[in-house]
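Architecture and fold: a report
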Amino acid sequence: MLNIGLYMAQRLSAMVMAPLVLGHIAVMIYAVQGGLSTAEILDRTQGSVWWFLFYGSFVLAVAAHAAIGLRVILHEMTGLRGRWLEVVTCGIGMLLLIMGGRAVLAVTFA
């Protein structure tokens, strides 16, 4: 139930997510091994445009990737199709984008 455009968008979002996931894991390992507290981590991320762009890109890629994947699952599991399928999956994508965006803003510019 994917057209070629959605298929390519999901593959491209996966290509964007892969290095960002590895970067995120590396940062988490560094923070844990360094014994950084939550306050120390937030001190380092607050006001950082770089961290905003890093995690903002991550959120965009995840929201697109997840919405497209859930579109296929919803179609297969519920038989949902057409306009309703588009509305539901766009809503899920927007919800993920809003929640992730709020988290990124809280960590970088709160």
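Treat the numbers as computed from the prediction; the structure is a model and nothing was measured. Residue positions are counted from 1 within each chain, in the order its sequence is given. Local features in a predicted model are, by the rule used here, given only for residues with pLDDT of at least 70; side-chain atom pairs are given and counted only at 80 or more, and totals for whole chains, interfaces and linings are based on all residues. Just so you know, side-chain values use all the structure's heavy atoms and leave hydrogens and water out.

Moving on, we get to the overall build of the protein. Only DSSP runs of H or I covering at least 4 residues are called helices, and only runs of E covering at least 2 are called strands; the numbering of each starts at the N terminus. Tallying secondary structure elements over the protein gives four helices and zero strands in all. Across the protein, helices and strands are ordered from the amino to the carboxyl terminus as α-α-α-α. For the protein, the C-alpha atoms occupy an extent of roughly 50 × 25 × 20 Å along the three principal directions. Only protein chains enter the accessibility calculation, which uses a 1.4 Å probe; a residue whose area is less than 20% of its type maximum is buried, one above 50% is exposed, and one in between is partly exposed. A total of 110 residues make up the protein; the buried ones form 25% of that total. Accessible surface area values rest on a Shrake-Rupley calculation with a 1.4 Å probe, where residue burial reflects the displayed protein chains alone. Here the protein displays about 7,300 Å² of accessible surface, and carbon together with sulfur accounts for 74% of that area. For the charge count, each Lys or Arg is scored as positive and each Asp or Glu as negative, with His and the chain ends excluded. By convention, charge coordinates are those of NZ in Lys, CZ in Arg, CG in Asp, or CD in Glu. Considering the protein, the positive charge centre built from 6 side chains and the negative charge centre built from 4 side chains are found 12 Å apart.

This paragraph deals with the environment of Ala110. Its location among the elements puts Ala110 in the segment after helix H4 (82-109). For Ala110, a relative accessible area of 77% corresponds to the exposed category. Here the alpha-carbon distance between Ala110 and Leu12, two residues 98 residues apart in the chain, equals 30 Å. Contact definition: two residues touch when any of their heavy atoms are within 4.5 Å. If we skip the residues at most four places from it in the chain, Ala110 touches Gln46 and Leu105.

Topologically, Ser13 is positioned in helix H1 (residues 4-33). Pairs of N or O atoms are called polar contacts if they sit within 3.5 Å, as long as, within protein, a hydrogen donor faces a hydrogen acceptor (for residues adjacent in sequence, only side-chain-to-side-chain pairs). At 2.9 Å, the side chain of Ser13 forms a polar contact with the side chain of His65.

Only Phe, Tyr and Trp rings are paired, with Trp represented by its six-membered ring, and only when their centres lie within 6.5 Å; those with planes under 30 degrees apart are stacked, over 60 edge-to-face, the remainder tilted. As enumerated under the stated definition, the model contains seven aromatic pairs in all. Ring geometry for Trp50 against Phe54: centres 5.4 Å apart, planes inclined by 15°, an arrangement best described as stacked. With Trp50 and Phe54 both in helix H3 (residues 49-78) and four residues apart, the pair spans about one turn of that helix. On the accessibility criterion, Trp50 (53% relative accessible area) is exposed.

On to the pattern of salt bridges. Criterion for a salt bridge: a side-chain nitrogen of Lys or Arg within 4 Å of a carboxyl oxygen of Asp or Glu. The full count for this structure, using the stated rule, is one salt bridge. With its nearest N and O atoms 2.5 Å apart, the salt bridge here joins Arg71 to Glu86. Residue Arg71 is found in helix H3, and its partner Glu86 is found in helix H4; the two are separated by 15 residues along the sequence.

In these notes, a set of buried Ala, Val, Leu, Ile, Met, Phe, Trp, Tyr and Cys residues joined through side-chain atoms within 4.5 Å is what counts as a nonpolar core. Residues Met17, Leu20, Trp51, Phe54, Tyr55, Phe58, Val59, Ala61 and Val104 constitute the largest nonpolar core, which totals nine residues. Among the elements of the structure, H1 and H3 are those that each provide at least two residues to this core. Sorting elements by how many residues they give to this core places H3 first, with six residues. If sequence neighbours within four positions are ignored, Met17 has contacts with Phe58, Ala61, Val62 and His65.

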